[in-house]
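The primary structure of each chain is shown beneath.
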Amino acid sequence: MPPPAPQAEDLQVELRQVCLTRGATVVLDGVSLSVRRGELVALLGASGSGKTSLLKLINRMLEPTAGAVAVEGRPTTEWDPIRLRRRIGYVIQDAGLFPHYTVARNIGLLLELEGRPAAQRRARVDRLLELVGLAPATYADRFPAELSGGERQRVGVARALALDPGLLLLDEPFSALDPVVRARLQQEFAALARELGKTALLVTHDLQEALRIGTRICLLANGKLVADAAPDDFLRLDAPEARAYARAAGLGAAPQG
Ligand SMILES: Nc1ncnc2c1ncn2[C@@H]1O[C@H](COP(=O)(O)OP(=O)(O)OP(=O)(O)O)[C@@H](O)[C@H]1O
Ligand SMILES: [Mg+2]
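Residues numbered from 1 in each chain as written. Chains lettered and ligands numbered in written order. Predicted model: local features only at pLDDT ≥ 70, side-chain atom pairs only at ≥ 80, totals over all residues.

(A) Representation of the nonpolar core in the model. The biggest cluster of nonpolar side chains holds 66 residues, and the ones touching the most others in it are L43, L44, L202 and C218. Other than its neighbours up to four places away in sequence, L43 contacts K51, L54, L201, L202, V203, C218 and L220. (Core = buried A, V, L, I, M, F, W, Y, C linked by C-beta atoms within 7 Å. Buried ≥ 20, exposed ≤ 12 C-beta atoms within 10 Å, placed from the backbone. Contact = placed C-beta atoms within 7 Å.)

(B) Highlighting the site of ligand 1. Ligand 1 sits among 13 residues. The nearest are R22, S47, K51, T52 and S53. Only β2 (25–36) and α1 (51–58) provide two or more residues apiece to the shell around ligand 1. Counting residues per element, the shell around ligand 1 draws most heavily on α1, which supplies three residues. The class makeup of the residues in the shell around ligand 1 is one nonpolar, ten polar and two charged. (Near = placed C-beta within 6 Å. Helix = DSSP H or I, 4+ residues; strand = E, 2+ residues; numbered from the N terminus. Nonpolar A, V, L, I, M, F, W, Y, C, P; charged D, E, K, R; others polar.)

(C) Structural view of the pairing of strand β7 (residues 167–171). Most of β7 is tucked away, with five of its five residues classed as buried. Of the two faces of β7, both are covered, the one formed by L167, L169 and D171 as well as the one formed by L168 and L170. Where strand β6 (residues 88–91) and β7 come together, four bridges link them in parallel fashion. From the neighbouring strand, V91 faces β7, where its bridge partner is L170. (Pairing = 2+ DSSP bridges.)

(D) Here's a closer look at the sheet that holds strand β9 (residues 216–221). A sheet is described by the order of its strands in space; here six strands give the open sequence β6-β7-β8-β3-β9-β10, paired in mixed fashion. On the outer flanks of this sheet lie β6 and β10 (224–229), each paired with one strand and no other. Here the average twist between neighbouring strands, direction ignored, is 15°. Taken strand by strand, helix α6 (residues 149–160) contacts β6 and β7, and its axis lies near 165° from that of β6. (Axes fitted to C-alpha atoms, helices over the stretch in contact; angles between N-to-C directions.)

Shown next, in the form of structure tokens:
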């Protein structure tokens, strides 16, 4: 029996037949994707396959050329973009911290924009730093240039969590890390997302990362969603693009039978 159709209130994100053209490039071509509350979707695809563009459609930094994108059951074009973005935590590719602001100010920026009092902001920032494993006393007053790449990425994650959004968009948040730190951060993040009950779409180039933390793996190629599967099933898919990923990661398909 097929699983029951998701209830509208369970659907955090829905793309329906989405096409996106940027300049002369057809970036996305008929992509449909429904993400339910609590899912952690790993989004794979080669460079230029449209992963970042797909995230930007969700927080309305881009609008589809055709088709529709809905968040919490409502088309993004009907949301006030500022309100929408404050409900969605966004970890920008390469962390995107403001270099002339301290770590604390970077993390607390949205709280500042929301008019939260300074003492409340500081308490929240300290809590967020602890959550991502950075001691506030050591890190709060540093500038981004005084951090390692991994620490910067943690600050990016903390900033995305500042307003306690139910939905997180993370664009290669662990890309520039050595394999050991990376594996630890991936595990910590997956546990954190579970614990806090977040829904997340996480972009990655790395199948191992997708398998480690995704509850579901989606693969973009040539503007189309060519695979959408649970981690356990992904390695058994027939789609040539999925098989190429598995081979490149040294994870050939298990023998059929
Ligand atoms: N501002 C823009 N104007 C025109 N084309 C763009 C623009 N930004 C991106 N593109 C094109 O859109 C396509 C998808 O870009 P996108 O950034 O979504 O890819 P990506 O999958 O995130 O790649 P990467 O893994 O390198 O980050 C690419 O062909 C890119 O050249
Ligand atoms: Mg990108």
